[in-house]
Amino acid sequence: MNRSQIRERTIHGFDDMIAIAAAEPQPHKLLTVLLRIDHAYAQGDDGKTRPIENEGELVPIAIKSFDIDEKLDFASLKEDADAGAPGWGLMMMAVLPGQGPNPPSEEDVDNHLKRMAQTILSGGSLDRFLFIDREGNAVSMESQHG
């Protein structure tokens, strides 16, 4: 499945992404980057410091891949994430297809995971990725430079 096939379908969250990838004939890997949210703060007129709504910095804290099959569900993914990286606030996701009957190589998976984390660190385009919150709902993300 190429990226354009995924983009043509409406994805509202984790379940949609997994259903689309699982329906394809070749094996896929789910790539995840767990992100901590460091909120931006500003001092109000009353002198109190408060978080600025919808502003902050995302910090990659863990990367991991999963086989996509009928057993993969958000509850177990969240449990795994909580055990390995407590404090995550968002999960960045992508699907990597294999070649024919073969799943993606571990080297290919590692390279893609590292590029995903680097995209966050460098402020690159986030259009190619699905971001979900701790409940498995899609979150709209926008990268701002400067």
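Scroll up a little and you will see the structure.
So, here is what we can say about the structure in this document.

Each value, and the rule that gives it
Residues numbered from 1 in each chain as written. Predicted model: local features only at pLDDT ≥ 70, side-chain atom pairs only at ≥ 80, totals over all residues. Heavy atoms only, no water. 1 Å grid on protein atoms, 1.4 Å probe; cavity = no way out; pocket = protein on both sides within 12 Å on 5 of 7 lines; lining within 4 Å. Points joined across faces, edges and corners; volume = space filled by probe spheres on them. Helix = DSSP H or I, 4+ residues; strand = E, 2+ residues; numbered from the N terminus. Nonpolar A, V, L, I, M, F, W, Y, C, P; charged D, E, K, R; others polar. Phe/Tyr/Trp six-rings, centres within 6.5 Å; stacked < 30°, edge-to-face > 60°. Lys NZ or Arg CZ within 6 Å of the ring centre and 35° of its normal. Pairing = 2+ DSSP bridges. Contact = heavy atoms within 4.5 Å. Buried < 20%, exposed > 50% of the residue type's maximum accessible area, 1.4 Å probe, protein only. Arc of directions from axis to C-beta. Salt bridge = Lys/Arg side-chain N within 4 Å of Asp/Glu carboxyl O.

So, the layout of surface pockets
Picture a little ball the size of a water molecule; that probe, rolled over the atoms, points out where space is still empty.
Stage number 1. Estimates place the volume of the largest pocket at around 790 Å³.
Stage number 2. Lining the largest pocket are 26 residues, and of these Gly-56, Glu-57, Leu-58, Met-141 and Glu-142 lie nearest its centre.
Stage number 3. Contributions of two or more residues to the lining of the largest pocket are made by strand S1 (28-43), strand S2 (49-67) and helix H4 (106-122).
Stage number 4. Examining the composition of the lining of the largest pocket, we find that nine residues originate from one element, S2, more than from any other.
Stage number 5. Of the residues contributing to the lining of the largest pocket, the split by class is twelve nonpolar, nine polar and five charged.

A word on the packing of aromatic side chains
Stage number 1. In the structure shown here, the tally under the stated rule is one aromatic pair.
Stage number 2. One Lys or Arg, Arg-134, reaches over the ring of Trp-88 and ends 4.5 Å from the middle of that ring.

Thoughts on the pairing of S2
Stage number 1. Judged from the 14 bridges that link them, S1 and S2 form a sheet pairing that is antiparallel. Bridging from a neighbouring strand, Ala-42 pairs with Arg-50 of S2.
Stage number 2. If you look at the hairpin formed by S1 and S2, you'll find five residues sitting between the two strands, and Gly-47 has a positive phi there, around 90 degrees.

Some points on the environment of Ile-132
Stage number 1. Relative to the helices and strands, Ile-132 is located in strand S4 (residues 130-132).
Stage number 2. Spatially, the C-alpha atom of Ile-132 lies 9.2 Å from that of His-12, the residues being 120 residues apart in sequence.
Stage number 3. Apart from the residues lying within four places of it in its own chain, the contact partners of Ile-132 are Gly-13, Phe-14, Phe-74, Gly-89, Leu-90, Met-91, Met-93, Asn-137, Ala-138 and Val-139.

Notes on helix H2 (residues 14-22)
Stage number 1. Of the residues making up H2, those classed as buried are Phe-14, Met-17, Ile-18, Ile-20 and Ala-21. An end-on view of H2 places all buried positions within 160 degrees of arc, on one side of the element.

Quick word on the pattern of salt bridges
Stage number 1. Taken as a whole and assessed by the stated rule, the structure comprises six salt bridges.
Stage number 2. The residue Lys-29 makes a salt bridge to Glu-106 at a minimum N-O spacing of 3.9 Å. Linking Lys-29 in strand S1 with Glu-106 in helix H4, this pair joins segments that are 77 residues apart in sequence.
Stage number 3. Overall, Lys-29 belongs to the buried group, its relative accessible area being 10%.
Stage number 4. Glu-106 sits in the partly exposed class, given a relative accessible area of 48%.
Stage number 5. Where Asp-82 meets Arg-134, a salt bridge forms, and the shortest distance between an N and an O atom there is 2.9 Å. Here Asp-82, found in helix H3 (residues 74-84), pairs with Arg-134, found in the segment after S4; they are 52 residues apart in sequence, far enough to count as distant.
Stage number 6. One salt-bridge network, in which partners are shared between bridges, spans Lys-29, Asp-67 and Glu-106.

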